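Structural overview for review
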Amino acid sequence: MPSSSTPSIPPEEVAANGLLHRRIFLTQGVALIGAGGLTVLSAGSAAAADPPDMPPWMRAPGTGMSGYGSPAKYEEKIQRTGIVSQPGTTGSGASRTPLEHLNGVITPSGLHFERHHGGVPDIDPSVHRLLIHGLVKRPLVFTMDALLRYPMVSRIQFIECSGNSRPNLSPTPPAASCGAIHGLVSCSEWTGVPLAILLEEAGSDRGAQWLLAEGADAPAMSRSIPMAKVMDDALLAFYQNGERLRPENGYPVRLFLPGYEGNMSVKWLRRIKVTAVPTMTKDETSKYTDLLASGKSLMFTYPMGVKSVITAPSPGLALKAPGLYEISGLAWSGSGKITKVEVSADGARTWGEAALAEPVLSKALTRFRMAWRWDGGPAVLKSRARDETGALQPTREQLVGDKGTQISYHYNAIQSWGVAPSGEVKNVYA
Amino acid sequence: MYTRSLASCVALAVVVAVIAQARAADGPNLGREATPAEIGGWDISIPPDGSGLPPGGGTAAAGAAVYAAKCQSCHGEKGAGQPNDRLVGGQGTLAGPTPVRTIGSYWPYATTVFDYVRRAMPYQQAQSLTNDEVYALTAYLLHLNGVIAEGDVINAQTLPKVNMPNRDNFILAYPPRSR
């Protein structure tokens, strides 16, 4: 673009309305970031620590060691969000990861989203057992101690509830935070035993095409899993981010199916029945099936679609003043690696390619970053992701046009955040 | 005799190979063989062909009494819903703007009703119902939805044969279509 015809657009701009190549951060440093940057939760005035004064915490030694650390007390407002449960229950519902308050790609275990169908069971690992039976040559029972002796693998991968982002299927855009809308996705390092090893020991019979996985929670939550997926990459996970699973994530053992809709990674796993056909459980027929506008429903919609969302700026993180900002977000796909994320600041008229932060892993959250000089005018921020299969994240219009507004699951459309001259950020359909 | 012993050798070799495969010599092999009684106690899943359904049975009339005592406070009178899921009605609404998904309008398999009620309901006391109670509740819910007649007996033989109204309106997304 000849700059003479558009004198107000700096040469480093990669798309309209202020999107800049990220090297601006490297060449000009952080001094250009808008005064105060994003307004998050106020951590209180630190005026007494400004130079030349000496802060109080330097005048005496701090506290001692602890057996198990906690977040800083100034961060105690960072909590799971959007906690809802079925009427009359406390444990049949969901809580969401506050995506807008996190950075990087690993979700702290205590902020991992939750989706329970009958509460979190209190399981004593010394008496918990895993039974493998059905179309096998030798039905087997395992103690947890026995399973922990098997060779393990570790993988950094996301898990997403297929009901994630459902609020955006409503006719008008809900006024909610990024986490409240999209926070049914989290990413951890999972460590455990490939389920294929145990099935080989049990000796699958020839008709074995599926298995039923059942949890030890009160509703004995259960799903049918294709044997091909199990032999590909299914894990019996025991560790999350280096420590044993949290109770709400399936302690002492859960199934983990990379890229597949979250509820199939059955928590508190107690039984695996090898079968010839799907069992057609409640949670693969009456729930977790996607109702189309035609009245017909899609069943067994397993991989989560390619998706991205800008986590900052986003609702609740107002811009304080015009200036240079980093647009940051997350992208992921249940079918492999993210290959490209583009960002628009002008409502999808022009797009610029964002930088993908390492590591870029298959079926993991991938952090993207983009530089943006906000001129104080209105803007509509969007991101769109592409994965290694070539799949491109759809617009909301495309998704709703294809499938209607009653699918309930697998909503992966482009998110639009409207930025007002006041700096306030809102969920918009634009 | 020579031919026969050769055949025996071949058969033996096959058997040995199968056992070797089954025992997965490379694995730690730390599982203990499960007994039929152990499996029987835990194997509560019921697929559409009804295999594994227990003895017993029930009718809608018997189910109405169980429902009133153990289900109505969460699912409303005659399955009308509130405060929790509606279980009855909604047929003909799925293609409209406000679809109502119930056992009658949406669930493709009647066996799933038995499986789910037995494993998960009542919410506060899972797996507390007798098999006769679960059969009766299943009959009651199917009858309220107009799927079976009031006097029909639901048991291991009849349940898999129940034809659910929405059975043919599901499109399998797995396995993925070859390109």
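Residues numbered from 1 in each chain as written. Chains lettered and ligands numbered in written order. Predicted model: local features only at pLDDT ≥ 70, side-chain atom pairs only at ≥ 80, totals over all residues.

**As for the sheet that holds strand E4 (residues 170-172) of chain B**
- Strand order in the open sheet formed by three strands is E17(A)-E18(A)-E4(B), and the pairing between neighbours is mixed. Sheet topology places strand E17 (290-291) of chain A together with E4 of chain B at the edges, where each strand pairs with a single neighbour.
- Relative to strand E18 (residues 297-299) of chain A, E17 of chain A runs antiparallel, the two sharing two bridges. Its bridge partner lying in E18 of chain A, Leu291 of chain A is registered against Ser297 of chain A. (Pairing = 2+ DSSP bridges. Helix = DSSP H or I, 4+ residues; strand = E, 2+ residues; numbered from the N terminus.)

**Comments concerning the confidence of the model for chain B**
All names here are of chain B.
- Taken residue by residue, chain B gives an average pLDDT of 89. The fraction at 70 or more is 84%.
- Note on residues 1-7: pLDDT is under 50 here. Beyond four places in sequence and across chains, it has zero contacts.
- Counted against residues more than four places away or in other chains, residues 9-25, with its pLDDT under 50, gives nine contacts.
- The ipTM, which scores confidence in the relative placement of chains, is 0.91 for this predicted complex, and the corresponding pTM is 0.91. (pLDDT = per-residue confidence, 0-100. Contact = placed C-beta atoms within 7 Å.)

**Overview of the environment of Ile181 of chain A**
All names here are of chain A.
- Relative to the helices and strands, Ile181 is located in helix H3 (residues 178-182).
- Take Ile181: there are 26 C-beta atoms within 10 Å of it, and that puts it in the buried class.
- Remark: the alpha-carbon pair of Ile181 and Gly423, spanning 242 residues in sequence, is separated by 20 Å.
- Each residue touching Ile181, except ones within four places of it in the same chain, is listed here: Ser165, Pro167, Asn168, Pro174, Ala176 and Asn427. (Buried ≥ 20, exposed ≤ 12 C-beta atoms within 10 Å, placed from the backbone.)

**Some details on the packing of helix H3 (residues 60-70) of chain B against helix H6 (residues 131-144) of chain B**
Residues and elements named next belong to chain B.
- Viewed as axis vectors pointing N to C, H3 and H6 meet at an angle of 100°, and their least axial separation amounts to 7 Å. Regarding the angle of H3 to H6, the classification is roughly perpendicular. Here Ala60, Ala62, Gly63, Ala64, Val66 and Tyr67 of H3 lie close against H6, whose contacting residues are Glu133, Ala136, Leu137, Ala139, Tyr140 and His143.
- Of the residues belonging to the contact of H3 with H6, the class tally is nine nonpolar, two polar and one charged. (Axes fitted to C-alpha atoms, helices over the stretch in contact; angles between N-to-C directions. Parallel < 35°, antiparallel > 145°, perpendicular 65-115°, else oblique. Nonpolar A, V, L, I, M, F, W, Y, C, P; charged D, E, K, R; others polar.)

**Concerning H6 of chain B**
Residue and element names in this part refer to chain B.
- Here H6 contains 14 residues, and its C-alpha end-to-end distance of 20 Å stays within 8% of the 20 Å for a straight helix at 1.5 Å per residue.
- Most of H6 is tucked away, with twelve of its 14 residues classed as buried.
- Within H6, the full set of buried residues consists of Glu133, Val134, Tyr135, Ala136, Leu137, Thr138, Ala139, Tyr140, Leu141, Leu142, His143 and Leu144.
- Buried-residue contacts for H6 involve strand E2 (57-58), H3, helix H5 (110-120) and strand E3 (154-155).
- Once H6 finishes, Gly146 follows within two positions and takes phi at roughly 75°, a positive value. (Expected span 1.5 Å × (residues − 1).)

**What about the interface of chain B and chain A?**
- At the interface, 43 residues of chain B touch 50 residues of chain A.
- Among the elements of the structure, helix H1 (2-23), strand E1 (32-33), helix H2 (36-42), H5 and E4 of chain B are those that each provide at least two residues to the side of chain B that touches chain A.
- Per element, the largest residue contribution to the side of chain B that touches chain A is five residues, and it comes from H5 of chain B.
- Residue composition of the side of chain B that touches chain A, grouped by class: 28 nonpolar, eight polar and seven charged.
- In this sheet, E4 of chain B lies alongside E18 of chain A in parallel orientation, the contact comprising three bridges. Bridge pairing in E4 of chain B places Ser297 of chain A opposite Phe170 of chain B.

**So, the sheet that holds strand E5 (residues 92-96) of chain A**
Residues and elements named next belong to chain A.
- Within the open sheet, the three strands sit side by side as E4-E5-E6. Their pairing is antiparallel. One side of each edge strand has no neighbouring strand; the edge strands of this open sheet are strand E4 (81-85) and strand E6 (114-117). Across this sheet, the average inter-strand angle for adjacent strands is 0°, counted without regard to direction.
- Taken together, the four bridges between E5 and E6 define a ladder with antiparallel strand orientation. Bridging from a neighbouring strand, Ser95 pairs with Glu114 of E6.

**As for unusual backbone geometry**
- For the bond running from Pro51 of chain A to Pro52 of chain A, omega is 10°, close enough to zero to count as cis.
- Looking at where Pro52 of chain A falls in the secondary structure, it is placed in the loop between strand E3 (38-39) and E4.
- Look at the link from Met121 of chain B to Pro122 of chain B: it is a cis peptide, with omega at -10°.
- Here Asn17 of chain A, not a glycine, exhibits a phi torsion of approximately 65°, which is positive.
- Note on Asn17 of chain A: 22 C-beta atoms within 10 Å, which makes it buried.
- Even without being glycine, His410 of chain A reaches a positive phi, approximately 60°.
- Assignment of secondary structure puts His410 of chain A in the loop between helix H6 (396-403) and strand E27 (416-419).

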